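Below, each chain spelled out in residue letters.
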Amino acid sequence: MRGYSALAIARNALSDHAHWPQAWRSPEPQTAYDAIIVGGGGHGLACAYYLAKEHGLRRVAVLEKGWLGGGNTGRNTTIIRSNYFYASSAAFYDFALRQYEGLSRELNFNIMFSPRGVLVLSHTRHDLEMNRRVANAMRLNGIDADLISRDEVKRLAPALDCSPTARFPVLGALIQRRAGTARHDAVAWAYARAADALGVDIIQSCEVTGFQIERGRVRGVETSRGPIQAPKVAIAVAGHSSVLAEKAGFRLPIISYALQAMVSEPLKPVLDTVVLSPATGAYLSQSDKGELVIGGGLDLYPSYAQRGGLPVNETTVAGMLSMFPSLSRVRQLRQWAGICDVSPDSSPILGKSPIEGIYLSTGWGTGGFKAIPAGGYCLAHTLARDEPHALNAAFGLDRFVRNALVDEAGAASIPH
Ligand code: FAD
Ligand code: PYC
């Protein structure tokens, strides 16, 4: 990591940001590239970085209709974990977690990775059994997992109501101690800066509006800033995946739902781990700014509105307060939503599309932030070599016709 003196940090903090260097260029689009990535979220930017770094592709453009990280990457609740059930998911998400552990160093950008542990609470006997099943599966897949008692939960999260009379009594938890959080927009910025340094053109305010396709093969894209040619195009647009697939002439088994989250006013430190409670429908952690970062389940009707409705917001707050009654007077500061791309088995679709030269990164649903380093790495491999990496071989679109689902809805850890 580049070293900064305390004086330099103080000078920057007090400056009006004048003369700060741009973290990446803002080039005009060229007429042709070797590869185009649609979507400047974490997955698109990571793919661009790995295409340049691992595969030597330098004539690469990321086309983003808005601003970098303005989609779900900048709207999520920053939880990173690899407590999945099936071997293929475990290998994929743990590869991502291992990349996150070294990402600040790799990209020379502090993404504030914080392995503060993630607890999935058990409120019933059945929850205990299910958590034990997941813990056993994780250990069989070589991933750290512990089952902890109510007393240990109380020690880790003293503000949590662990009394036997609680509305949702806590019987124990599954903990992944290596799991935690990272600053979401820093992940996008870190990949953007590193990709730019390797020659990738990152072009914001450039919407892809269509595809040039000849005899089943992609030749380029139409954009709000004119046509751009490329023999290979990756689509990494989360909740808008079906919209773009339709423009390319195929359908995806993706439904887009809003997932909302909120933060409280800043508080003094009250929680230094992440608590997920599928039964109450709420989860929370505390950011470095002191805000409680709170989320719940999907607004379960298809939508492209980045808002979310009041009933789900209220249910989430009620669930959170049933666990943490002492927070009842804390005020909600902000609320927002992102459009999640949910696949039938809640696993990603990461691989080839029915059009030659078009590749897909979608189906991340409510859980793709934690996947970004693995998703970008595997998408780059698939695009560059025209075949999946071993880590994403199970996640092709063809699994829905082969009846080879990887059903991880239960691993979402939130009402789904
Ligand atoms: P995005 O970050 O959404 O990027 C896609 C980009 O494509 C957008 O910037 C969009 O503007 C752009 N785009 C769309 N259409 C076009 C077009 N036609 N032309 C050009 N650009 C286009 N995951 C976790 O792992 N942990 C969590 O704690 C977590 N919490 C979440 C909480 C909330 C409230 C939400 C909404 C999501 C959460 N997720 C979480 C999920 C995670 O945020 C996403 O799965 C992940 O960020 C998806 O990244 P992406 O790069 O695929 O998509
Ligand atoms: O994937 O860990 C996750 C998550 C938690 C809340 C939303 N997504």
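Check the entry above for the structure.
The rules behind these values
- Each chain has its residues counted from 1, following the order in which its sequence is written.
- For naming, the first written chain is A and the first written ligand is 1, with later ones following in the order written.
- Owing to the predicted nature of the model, reporting of local features is limited to residues with pLDDT of at least 70; listing and counting of side-chain atom pairs is limited to 80 or more, with chain, interface and lining totals taken over all residues.
- The side-chain figures draw on all heavy atoms in the structure; neither hydrogens nor water molecules are used.
- Consider each residue's heavy atoms; a residue with any of them within 4 Å of a molecule or strand counts as near.
- Polar contact criterion, stated in full: a pair of N or O atoms within 3.5 Å, where within protein one must be able to donate a hydrogen and the other to accept it, and residues adjacent in sequence count only if both atoms are side-chain atoms.
- The Shrake-Rupley method, run with a 1.4 Å probe, gives the accessible areas here. Residue values count only the displayed protein chains as cover.
- Secondary structure counts use DSSP, requiring at least four H or I residues in a row for a helix and at least two E residues in a row for a strand, with both numbered from the N terminus.
- Only strands joined by at least two bridges in the DSSP assignment are considered to pair.
- Ring pairs are drawn from Phe, Tyr and Trp, using the six-membered ring of Trp, whenever the two centres fall within 6.5 Å, and their geometry is named by plane angle: stacked under 30 degrees, edge-to-face over 60, tilted for the rest.
- A simple rule labels every residue: compare its accessible area, found with a 1.4 Å probe on the protein chains alone, to the largest value its type can have, and call it buried under 20%, exposed over 50%, or partly exposed in between.
- Expected span, for any helix, means 1.5 Å times one less than how many residues it has.
- Two residues form a contact once any of their heavy atoms are found within 4.5 Å.
- The salt bridge criterion pairs a side-chain nitrogen of Lys or Arg with a carboxyl oxygen of Asp or Glu, the two atoms within 4 Å.
- With axes taken as lines fitted to C-alpha atoms, and helix axes fitted only over the stretch in contact, angles between N-to-C directions fall between 0 and 180 degrees.
- Working definition: roughly parallel below 35 degrees, roughly antiparallel above 145 degrees, roughly perpendicular at 65 to 115 degrees, and oblique for all remaining angles.
- By definition, any crossing whose near helix is turned counterclockwise from its far helix by less than a right angle is left-handed, and any crossing with a clockwise turn is right-handed.
- Classes in brief: Ala, Val, Leu, Ile, Met, Phe, Trp, Tyr, Cys and Pro nonpolar; Asp, Glu, Lys and Arg charged; the others, Gly included, polar.
- For cavity detection a 1 Å grid was placed over the protein atoms alone, and a set of points counts as a cavity when a 1.4 Å probe fits there but cannot get out; an open set counts as a pocket when protein lies on both sides within 12 Å along at least five of seven lines, with lining residues being those that have an atom within 4 Å of a point.
- Grid points are joined across faces, edges and corners, and a volume is the space filled by probe spheres set on the points.

Asker: I'd like to hear about the site of ligand 1, residue by residue, with values.
Answerer: Around ligand 1 sit 37 residues in total, of which Glu-64, Asn-72, Thr-73, Gly-368 and Lys-370 are the nearest. Ile-79 has a polar backbone atom sitting 2.9 Å from a nitrogen atom of ligand 1. Taking Val-208, its main chain carries an N or O atom lying 3.0 Å from a nitrogen atom of ligand 1. Here ligand 1 has 1000 Å² of accessible area as a free molecule, and 96% of this is covered by the chains. When contributions to the shell around ligand 1 are tallied by element, the ones reaching two or more residues are helix 2 (42-55), strand 13 (255-264) and strand 17 (332-342). Ranked by residues supplied to the shell around ligand 1, first place goes to strand 13 with three residues.

Asker: Tell me about the sheet that holds strand 9 (residues 208-214), residues and numbers included.
Answerer: The strand order 9-10-11 describes an open sheet built from three strands, whose pairing is antiparallel. Pairing within the sheet leaves two strands with one partner each, and these edge strands are strand 9 and strand 11 (228-229). Taken together, the six bridges between strand 9 and strand 10 (residues 217-223) define a ladder with antiparallel strand orientation. Note on strand 10: the bridge partner recorded for Glu-214 is Arg-217.

Asker: Any chance you could break down the packing of aromatic side chains for me, citing the residues and the numbers?
Answerer: Counted by the stated rule, this structure contains twelve aromatic pairs. With a centroid separation of 5.6 Å and an interplanar angle of 65 degrees, the aromatic rings of Phe-92 and Phe-395 are classed as edge-to-face. Here Phe-92 is found in helix 3 (residues 87-101), whereas its partner Phe-395 is found in the loop between helix 10 (372-385) and helix 11 (399-402), with 303 residues between them in sequence. Note on accessibility: Phe-92 and Phe-395 belong to one class, buried. In this structure an aromatic cluster arises from ring pairing among Tyr-49, Tyr-50, Phe-95, Tyr-191 and Tyr-377.

Asker: So what's going on with helix 9 (residues 310-323)? Which residues, and what values?
Answerer: The terminal C-alpha atoms of helix 9, which comprises 14 residues, lie 20 Å apart, in line with the 20 Å expected from a rise of 1.5 Å per residue. Where helix 9 is buried, its residues meet strand 4 (118-122), strand 13, strand 14 (274-277), strand 15 (282-286), strand 16 (292-302) and strand 17.

Asker: Kindly report on the pattern of salt bridges, identifying the contributing residues and their values.
Answerer: All told, the structure shown has 23 salt bridges when counted by the stated rule. Arg-25 is the partner of Asp-196 in a salt bridge, and the nearest nitrogen-oxygen pair spans 2.9 Å. Here the residue Asp-196 occupies a position in helix 7 (residues 184-197), and Arg-25 occupies one in the loop between helix 1 (6-14) and strand 1 (35-38), the gap between them amounting to 171 residues. Judged by relative accessible area, which is 12%, Asp-196 ranks as buried. One network of salt bridges, in which partners are shared, links Asp-94, Arg-98, Glu-101, Asp-144 and Arg-178.

Asker: Let's hear about the packing of helix 2 against helix 7: which residues, and what values?
Answerer: Their axes nearest at 8 Å, the elements helix 2 and helix 7 cross at an angle of 30 degrees. Taken together, the axes of helix 2 and helix 7 lie roughly parallel to each other. The interaxial crossing formed by helix 2 with helix 7 has left-handed handedness. Contacts between helix 2 and helix 7 involve Leu-45, Ala-46, Ala-48, Tyr-49 and Tyr-50 from the first element and Ala-188, Tyr-191, Ala-192, Ala-194 and Ala-195 from the second. Broken down by class, the residue content of the contact of helix 2 with helix 7 amounts to ten nonpolar, no polar and no charged.

Asker: Outline empty space enclosed by the protein, supporting the account with residue identities and numerical values.
Answerer: All chains considered together, the criterion is met by one cavity of 30 Å³ or more. A per-class count over the lining of the largest cavity returns seven nonpolar, seven polar and three charged.

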